[in-house]
Amino acid sequence: MPRWGLWLFWFALGGCVGSFLNVCIYRMPREESLIRPRSRCPRCGHPIAWYDNIPLLSWAALCGRCRHCGSPIRWRYPVVEMLTASLTVAVLYRFGAGPVGWVYVAFVAALIAVSFIDLEFQIIPDEISLGGLGLGVLLSALLPALHGTDARMVALGRSVVGLLVGGGVLYVTGLVGDLIFRKESMGGGDIKLMAMAGSLLGWKAALVAFFLAPFLALLPGLYVLAFKRSHVIPYGPFLSLALGVSLFFGADLLRATGMEETVKLMWEYYGPR
Ligand SMILES: [Zn+2]
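Rules and cut-offs
- Residues numbered from 1 in each chain as written.
- Predicted model: local features only at pLDDT ≥ 70, side-chain atom pairs only at ≥ 80, totals over all residues.
- Heavy atoms only, no water.
- Helix = DSSP H or I, 4+ residues; strand = E, 2+ residues; numbered from the N terminus.
- Buried < 20%, exposed > 50% of the residue type's maximum accessible area, 1.4 Å probe, protein only.
- Contact = heavy atoms within 4.5 Å.
- Lys, Arg positive; Asp, Glu negative; His and termini not counted.
- Charge placed at Lys NZ, Arg CZ, Asp CG, Glu CD.
- Donors = N, O, S within 2.8 Å, 3.2 Å for Na, K, Ca; no water.
- Tetrahedral: all angles 85-135°; square planar, octahedral: opposite > 155°, others 65-115°.
- Axes fitted to C-alpha atoms, helices over the stretch in contact; angles between N-to-C directions.
- Parallel < 35°, antiparallel > 145°, perpendicular 65-115°, else oblique.
- Left-handed = near helix turned anticlockwise from the far one by under 90°.
- Salt bridge = Lys/Arg side-chain N within 4 Å of Asp/Glu carboxyl O.
- Phe/Tyr/Trp six-rings, centres within 6.5 Å; stacked < 30°, edge-to-face > 60°.
- Lys NZ or Arg CZ within 6 Å of the ring centre and 35° of its normal.
- Expected span 1.5 Å × (residues − 1).
- Core = buried A, V, L, I, M, F, W, Y, C linked by side-chain atoms within 4.5 Å.
- pLDDT = per-residue confidence, 0-100.
- Patch = residues over 30% accessible without salt bridge, like charges linked within 9 Å, V, L, I, M, F, W, Y side chains within 5 Å.
- Areas by Shrake-Rupley, 256 points an atom, 1.4 Å probe, with all protein chains shown as cover.

### Focus: the overall build of the protein
- When helices and strands are tallied, the protein shows ten helices and zero strands.
- When its helices and strands are written in sequence order, the protein yields α-α-α-α-α-α-α-α-α-α.
- Seen through its principal axes, the protein has C-alpha atoms that stretch 70 × 55 × 30 Å.
- Put simply, the protein has 273 residues, and 41% of those count as buried.
- Within the protein, contacts between residues at least 6 apart in sequence are counted, and of these 64% link residues at least 24 apart.
- Placing the 23 positive and 16 negative side-chain charges of the protein at their respective mean positions leaves the two points 6 Å apart.

Quick look at the structure:
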């Protein structure tokens, strides 16, 4: 197969993953089975045939409408498929199509599902956050390259430190927020999501995302405050976006901002000798 054919294949594969994510996004918050029954039109209940379920292509062929009742298909379906397909290619391009690259594809897929579920339902399913956390620790032991080493115990240690730092910083932020605002300010789902990300990416990338997410959430937060008169915005999508940026550019950001150097100096000064 020519090289571009391979990339096209991965794009299509990513589209299929996105199609599955759409099922997760619809069914997980409703506590429905992911496997049965087959997908139906939410409006007319007609089962969706395989040829109407091909990622992106079917949506385009049907002009975004159900074949049976003509009601519009939600924009989320093609968007999630397109996003997953593009990010699959981007991740494999950046990290290679080896085991590490595919683990990151799964991680990014989880972030996409989390973002869209949190946007709509203001929850982050434990199946993804806690399930991913368990997988993150397990995969770290099986695939130490995820943590830049070939020693299993070292990778396992880094995974656990990442889990504690990622979950810990959000937990402490939540405690401080509760004291200031006198009500729950940080959802448990956000804490579990960051713990999951830390277990896979390590504590540095988790910290980068922790510092980045509030900046990403600032403008939408102000918008909601001004026009919707609400103080509540789902934080999961911004954490996910920050984690995605951190996955791709975390090491560069650490260097560029001098954070890595600062931590190293502090460690040398205060740390064990
Ligand atoms: Zn229909």
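Okay, back to it.
### Details of the coordination of the zinc ion
- Looking at the metal site, the zinc ion is ligated by Cys-41 (SG), Cys-44 (SG), Cys-66 (SG) and Cys-69 (SG), spaced 2.3 to 2.4 Å from it.
- Considering all four donor atoms around the zinc ion, the spread of angles at the metal, 104 to 115°, places the coordination shape in the tetrahedral class.
- Counting gaps between the donor residues of the zinc ion yields the pattern C-x2-C-x21-C-x2-C.
- Cys-44 sits in the partly exposed class, given a relative accessible area of 35%.

### Thoughts on the packing of helix α4 (residues 99-121) against helix α9 (residues 236-257)
- Remark: α4 packs on α9, axes separated minimally by 8 Å, with the N-to-C direction vectors making an angle of 160°. Relative to α9, α4 is oriented roughly antiparallel. Relative to α9, α4 is oriented so that their crossing is left-handed. Here α4 contributes Tyr-104, Phe-107, Val-108, Leu-111, Val-114, Ser-115, Asp-118 and Leu-119 to the contact with α9, which in turn contributes Gly-236, Pro-237, Ser-240, Leu-243, Gly-244 and Leu-247.

### Details of the pattern of salt bridges
- Counted under the stated rule, the structure contains five salt bridges.
- Ionic pairing is found between Arg-255 and Asp-252, a salt bridge with its closest N-O pair at 3.1 Å. In this pair, Arg-255 and Asp-252 are both assigned in helix α9, three residues apart and thus about one turn of the helix distant.
- Using a relative accessible area of 55% as the deciding quantity, one classes Arg-255 as exposed.
- Here Asp-252 falls in the partly exposed class, since its relative accessible area comes to 38%.
- The network of salt bridges with common partners includes Arg-74, Arg-76 and Glu-120.

### What about the packing of aromatic side chains?
- A complete count under the given rule lists eleven aromatic pairs for this structure.
- Look at Phe-248 and Phe-249: their rings are 6.1 Å apart centre to centre, the planes differ by 40°, and that puts the pair in the tilted class.
- Judged by relative accessible area, Phe-248 falls into the buried class, the value being 16%.
- Each ring, one from Tyr-269 and one from Tyr-270, has its centre 5.0 Å from the other, and the planes form 80°; the classification is edge-to-face. Of the two residues, Tyr-269 and Tyr-270, neither departs from the other in class, the shared state being exposed.
- Aromatic ring contacts, followed pair by pair, group Trp-7, Trp-10, Tyr-93 and Trp-102 into a single cluster.
- The positively charged end of Arg-30 is found above the aromatic ring belonging to Tyr-26, 3.9 Å away from the centroid.
- Lying across the ring of Tyr-77, Arg-76 places its NZ or CZ 4.7 Å from the centre.

### Quick look at helix α6 (residues 152-181)
- Helix length check: α6, at 30 residues, gives a terminal C-alpha distance of 43 Å against a target of 44 Å (1.5 Å per residue), a fit within 8%.
- Among the residues of α6, those classed as buried are Ala-155, Ser-159, Gly-162, Leu-163, Gly-166, Gly-167, Leu-170, Gly-174 and Gly-177.
- Tucked into the core, α6 has its buried residues touching α5 (126-142), α7 (188-201), α8 (203-228) and α9.
- Note on α6: the residue one or two positions beyond its end, Arg-182, has a positive phi of about 60°.

### Focus on the nonpolar core
- The biggest cluster of nonpolar side chains holds 53 residues, and the ones touching the most others in it are Phe-107, Ile-128, Leu-193 and Leu-243.
- Within the residue set of this core, elements represented by two or more residues are α1 (3-27), α3 (76-95), α4, α5, α6, α7, α8 and α9.
- In terms of residue count, α4 provides more of this core than any other element does, 14 residues in total.

### Details of the confidence of the model for the protein
- When pLDDT is averaged along the protein, the result is 91, and 99% of the positions lie at 70 or above.
- The least confident element of the protein is helix α10 (residues 259-270), whose mean pLDDT is 79; the most confident is α3, at 97.

### Observations regarding a nonpolar patch on the surface
- On the surface, Tyr-171, Val-172, Leu-175, Val-176, Leu-179, Ile-180 and Phe-181 cluster together into a nonpolar patch covering about 760 Å² of accessible area.
- Along the chain, Val-172 turns up in helix α6.
- On the basis of relative accessible area, Val-172 is assigned to the partly exposed category, the value being 47%.

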